[in-house]
Amino acid sequence: MFRSFIPLAGAALIATTVLAAQGARAAEFIVKPITIHEMKAVFGQVESHIVVPARTRIGGSVREIRVGEGDQVREGQTIALIVDDKLALQLNAANARIEALNSQLANARIELERSQQLRETGTGSQARLDQARTQFEVATNQVAVATAEKAVIEQNAREGEVLAPATGRVLTVPVTLGSVVLAGEEIARVAPGPYYLRLSLPERHATEIVQGAEVMVGERGLTQSPGQADATHAGRIVKVYPEISDGRVIADVEVEGIGDYFVKERTLVSIPVGKRTALAVPPEAIRTVHGVDYVKVATADGEMDVAVILGETFEEDGMKRTEILSGLRDGDRILLP
């Protein structure tokens, strides 16, 4: 029986060739048209969904201010103290009246007890007993009324404490120490959040802005350095207002992590305003020689370097791609290094 064999060196060469062919096939990239969202950089302004005024419940002079602009407050926290000097005088008068009525009540009680004893012994009349009982009840009710009036005065004094209406950040405090305020006047404005970005876009983008579209929000600041180009986080358009004001379209964007921004602070936001179709390849497929960009294309006649003109770099499904403006066609097979 004859058994053919291949020399060891020849077998290694064939295996290397096969592996190289398999690696080349694995490193191919097929050029296909993809849809690119046209992004436009605009300024977004941080707003709070709710801004609640903290108002005084009584009139008087501002004795204390315990917060300032930018402070964080809790709901129910005392942020200012309003004092009305007349309340102290009214409270003293109420105490004096209660003491006088208590004295009358004590006399009415003694008179009632005496009338009851006389009636029991038969020396007193029923009319005198009824009169004493009536006087005692009147005195008792007068004491109750005076006590209630005192409670009202004390409650008015306690209402001089201006409480934070919600947990949030103090935006403004439009009063100063010693200033006179009326009941219902605004002492501070509190922004409890949640915060969002408000966009104002040119009217020509009215038909291109849709609710639910994703946007990219840059780092804080009105300008972005080259190192911050990738330091962005995603947001979503949650509302597009149907009314155009002064040639501008208003839209609201929800973004996580802007609670530490200043209210009314502006930041750059990239929003989708259109779509286009383009050809793109992975950035590693591009090779630059003497200032000219090339990609290696697999053809029926073999490999060929094709000069291309590059566009912008973007991400598709988490992978970086570079747009090719000219030099490639749909279906070209690109060889990756």
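Residues numbered from 1 in each chain as written. Predicted model: local features only at pLDDT ≥ 70, side-chain atom pairs only at ≥ 80, totals over all residues. Heavy atoms only, no water.

Break down the overall build of the protein for me, citing the residues and quoting the values.
Within the protein one finds three helices and 20 strands. Long-range contacts, defined as pairs at least 24 residues apart, comprise 72% of the intrachain contacts of the protein with a sequence gap of at least 6. As presented, the protein carries roughly 20600 Å² of accessible surface, and 54% of it is formed by carbon and sulfur atoms. (Helix = DSSP H or I, 4+ residues; strand = E, 2+ residues; numbered from the N terminus. Contact = heavy atoms within 4.5 Å. Areas by Shrake-Rupley, 256 points an atom, 1.4 Å probe, with all protein chains shown as cover.)

How would you sum up the pattern of salt bridges? Please name residues and give values.
Evaluation of the coordinates by the stated rule reveals 17 salt bridges. In this structure, glutamate 312 and arginine 276 form a salt bridge, with 3.2 Å as the shortest nitrogen-oxygen distance. Residue glutamate 312 is found in strand S18 (residues 302–316), and its partner arginine 276 is found in strand S15 (residues 266–281); the two are separated by 36 residues along the sequence. For aspartate 305, the salt bridge identified is with arginine 287, shortest N-O distance 2.7 Å. Of this pair, aspartate 305 sits in strand S18 while arginine 287 sits in strand S16 (residues 286–289), and the two are 18 residues apart along the sequence. Ionic contacts of the salt-bridge type, sharing partners, join the residues Glu38, Arg276, Glu312 and Glu323 into one network. (Salt bridge = Lys/Arg side-chain N within 4 Å of Asp/Glu carboxyl O.)

With reference to specific residues and values, describe helix H2 (residues 85–121).
Compared with an ideal rise of 1.5 Å per residue, which puts 37 residues at 54 Å, H2 spans 55 Å between its outermost C-alpha atoms and is within 8% of the ideal. Taken as a whole, H2 has its buried residues at Leu87, Ala94, Ile98, Leu101, Leu105, Ala108, Leu112 and Ser115. The elements touched by buried residues of H2 are helix H3 (126–158). Two residues or fewer after H2 comes glycine 122, characterised by a positive phi angle close to 85°. (Expected span 1.5 Å × (residues − 1). Buried < 20%, exposed > 50% of the residue type's maximum accessible area, 1.4 Å probe, protein only.)

Just give me the short version of the sheet that holds strand S9 (residues 180–181), but keep the residues and values in it.
Pairing within the open sheet is antiparallel, and its four strands lie in the order S7-S6-S4-S9. The open sheet terminates on both sides in strands that have one partner only, identified here as strand S7 (161–163) and S9. Relative to S9, strand S4 (residues 60–65) runs antiparallel, the two sharing two bridges. Residue pairing across strands places serine 61 opposite valine 180, the latter belonging to S9. (Pairing = 2+ DSSP bridges.)

Just give me the short version of the pairing of strand S11 (residues 195–202), but keep the residues and values in it.
A large share of S11 lies buried, amounting to six of its eight residues. Pairing analysis gives five bridges linking strand S2 (residues 33–48) to S11, with the strands arranged antiparallel. When the bridges of S11 are listed, glutamate 47 appears paired with tyrosine 196. Direction of pairing for S11 relative to strand S14 (residues 248–254): antiparallel, over a ladder of six bridges. In the strand pairing of S14, serine 200 is matched with isoleucine 250.

Could you give me a rundown of the packing of H2 against H3, with the residues and numbers involved?
For the pair H2 and H3, interaxial distance at closest approach is 8 Å and the crossing angle is 160°. Relative to H3, the element H2 is oriented roughly antiparallel. Note on packing geometry: the crossing formed by H2 with H3 is left-handed. Per-class residue counts for the contact of H2 with H3 are 17 nonpolar, twelve polar and ten charged. (Axes fitted to C-alpha atoms, helices over the stretch in contact; angles between N-to-C directions. Parallel < 35°, antiparallel > 145°, perpendicular 65-115°, else oblique. Left-handed = near helix turned anticlockwise from the far one by under 90°. Nonpolar A, V, L, I, M, F, W, Y, C, P; charged D, E, K, R; others polar.)

Tell me about the sheet that holds strand S10 (residues 186–191), residues and numbers included.
Reading across the sheet, the four strands line up as S3-S10-S8-S5 and stay open at both edges, with antiparallel pairing between neighbours. Both edges of this open sheet fall to strand S3 (52–55) and strand S5 (72–73), since each of them pairs with a single strand only. Two elements, strand S8 (residues 168–172) and S10, share three bridges in a ladder whose sense is antiparallel. Across the sheet, the residue bridging to threonine 172 is arginine 189, located in S10.

With reference to specific residues and values, describe the packing of aromatic side chains.
Counted according to the given criterion, the structure contains zero aromatic pairs. Across from the ring centre of phenylalanine 43, 4.8 Å away, lies the NZ or CZ of arginine 266, which sits over that ring. (Phe/Tyr/Trp six-rings, centres within 6.5 Å; stacked < 30°, edge-to-face > 60°. Lys NZ or Arg CZ within 6 Å of the ring centre and 35° of its normal.)

So, the nonpolar core: which residues are in play, and what are the values?
With 22 residues, the main nonpolar core has Leu197, Val269 and Ile271 as its most contacted residues. Every element with two or more residues in this core is listed here: S2, S11, strand S12 (214–217), S14 and S15. Looking at this core, the element that brings in the most residues is S11, giving four residues. Once residues within four sequence positions are removed from consideration, leucine 197 is found in contact with Gly44, Gln45, Val46, Val217, Ala251, Asp252, Val253, Val255, Ile258, Thr267 and Val269. Formed by 18 residues, the second largest nonpolar core is a distinct cluster that contains Ala80, Val162, Ala164 and Ile187. (Core = buried A, V, L, I, M, F, W, Y, C linked by side-chain atoms within 4.5 Å.)

Which residues make up the environment of lysine 320, and what values go with them?
Residue position: lysine 320 is located in strand S19 (residues 319–326). Those residues in contact with lysine 320 that lie beyond four places of it in its chain are Pro282, Pro283, Phe314 and Glu315.

Can you lay out the pairing of S12 for me, pointing to particular residues and giving the numbers?
The side-chain alternation of S12 yields one buried face, formed by Val215 and Val217, and one unburied face, formed by Glu214 and Met216. Examined bridge by bridge, S12 and S15 share two bridges and lie antiparallel to one another. By the bridge assignment, valine 217 is partnered in S15 with valine 269.

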